[in-house]
Amino acid sequence: DQQVKQNSPSLSVQEGRISILNCDYTNSMFDYFLWYKKYPAEGPTFLISISSIKDKNEDGRFTVFLNKSAKHLSLHIVPSQPGDSAVYFCAAGNYGQNFVFGPGTRLSVLP
Amino acid sequence: DTGVSQDPRHKITKRGQNVTFRCDPISEHNRLYWYRQTLGQGPEFLTYFQNEAQLEKSRLLSDRFSAERPKGSFSTLEIQRTEQGDSAMYLCASRITGGRNEQFFGPGTRLTVL
């Protein structure tokens, strides 16, 4: 039973356009959410997080949106760059405790 | 480089053998996590330590798996009597309590059991 779902295994976007990666979770008690990026042969690196008291968090080209009623979050990358090509993992849980990771979405940004 | 390091990066072993992996966290980080990742999946939590105390173990962590962090610094993960289903990437992460709740991951140890 997957508590965190990323239903798109892959996504291709043209350079300069917006990338939207989606994530759904099932546990309404989750109150903290993170996005990680992973390049081949490296461990995941933290990208951005959001707590349930917010519905949006922005960091440069990256914005995370949280819709608690729908148990859905999304990561927007604008503008997308070829260096953004990686696997993106959504993680959900409770602050200070362990997180459940989704299966990831492979983003390819085409030049 | 003061990031999380893991050793070895790759390990090939025969079924039934024991293997041990090491993780060196970022020095001031008091929490250390072990995850397993298989193809097409995200990292799955195995266990974590706060300093030298092992505070939680996943039901994924069978009796053949044991982890230690004897001095609250580096940690080892041992798998006894390896099985082909143990083949995976084993990731270590560390963090400091408080702050953004962000975990810093190492590059992982890829285990192949033949």
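In this text the structure is predicted, and so the values were computed from the model without any measurement.

Asker: Hey, could you run me through the pattern of salt bridges in this one?
Answerer: Any two side chains of opposite charge can pair, given that their charged atoms come close. Residue and element names in this part refer to chain B. Within this structure, the stated rule accounts for five salt bridges over all chains. Between Arg22 and Asp24 there is a salt bridge; the shortest N-O distance is 2.7 Å. The network of salt bridges with common partners includes Arg64, Glu83 and Asp86.

Asker: What is the right way to look at the state of the cysteines in this model?
Answerer: Should the sulfur atoms of two cysteines be covalently bonded, the bond is a disulfide. Per the stated rule, a full pass over the model turns up two disulfides over all chains. Residue Cys23 of chain A pairs covalently with Cys90 of chain A via a disulfide, S to S 2.0 Å. Linking Cys23 of chain A and Cys90 of chain A, the disulfide has an S-S dihedral of approximately -70° and is accordingly described as left-handed. Of this pair, Cys23 of chain A sits in strand β3 (residues 19-25) while Cys90 of chain A sits in strand β9 (residues 86-93), and the two are 67 residues apart along the sequence. For Cys23 of chain A, a relative accessible area of 0% translates into the label buried. On the basis of relative accessible area, Cys90 of chain A is assigned to the buried category, the value being 0%. Across the disulfide, Cys23 of chain B is cross-linked to Cys92 of chain B (sulfur-sulfur distance 1.8 Å). Here Cys23 of chain B and Cys92 of chain B share a disulfide; its torsion about the S-S bond, -65°, makes the bridge left-handed.

Asker: What is the right way to look at the sheet that holds strand β3 (residues 19-24) of chain B in this model?
Answerer: Two pairing modes exist for strands in a sheet, parallel and antiparallel, and in both the strands are linked by backbone hydrogen bonds. Residues and elements named next belong to chain B. The strand order across the open sheet built from four strands is β1-β3-β8-β7, with neighbouring strands paired in antiparallel fashion. The sheet is open, and its two borders are formed by β1 (5-7) and β7 (65-68), each paired with just one other strand. Between one strand axis and the next, the sheet turns by 15° as a mean value, whatever way the strands run.

Asker: How should a nonpolar patch on the surface be read in this particular structure?
Answerer: Residues Ile18, Ile20 and Val78 of chain A make up a contiguous nonpolar surface patch of roughly 230 Å² in combined accessible area. You can see Ile20 of chain A is positioned in strand β3.

Asker: Help me understand the nonpolar core in this model?
Answerer: In summary, soluble globular proteins display a tendency toward joint burial of nonpolar side chains. Residue and element names in this part refer to chain A. Grouped together as the largest cluster of nonpolar side chains are 23 residues, with contacts concentrated most on Phe33, Trp35, Leu73, Leu75 and Tyr88. Within the residue set of this core, elements represented by two or more residues are β3, β4 (32-38), β5 (45-51), β7 (62-67), β8 (72-77), β9 and β11 (105-110). Here this core takes four residues from β9, the largest share from any one element. If sequence neighbours within four positions are ignored, Leu73 has contacts with Leu21, Asn22, Cys23, Tyr25, Phe33, Trp35, Val64, Phe65, Leu66 and Cys90.

So, how was this worked out
- Residues numbered from 1 in each chain as written.
- Chains lettered and ligands numbered in written order.
- Predicted model: local features only at pLDDT ≥ 70, side-chain atom pairs only at ≥ 80, totals over all residues.
- Heavy atoms only, no water.
- Salt bridge = Lys/Arg side-chain N within 4 Å of Asp/Glu carboxyl O.
- Disulfide = S-S within 2.5 Å.
- Helix = DSSP H or I, 4+ residues; strand = E, 2+ residues; numbered from the N terminus.
- Buried < 20%, exposed > 50% of the residue type's maximum accessible area, 1.4 Å probe, protein only.
- Pairing = 2+ DSSP bridges.
- Axes fitted to C-alpha atoms, helices over the stretch in contact; angles between N-to-C directions.
- Patch = residues over 30% accessible without salt bridge, like charges linked within 9 Å, V, L, I, M, F, W, Y side chains within 5 Å.
- Areas by Shrake-Rupley, 256 points an atom, 1.4 Å probe, with all protein chains shown as cover.
- Core = buried A, V, L, I, M, F, W, Y, C linked by side-chain atoms within 4.5 Å.
- Contact = heavy atoms within 4.5 Å.

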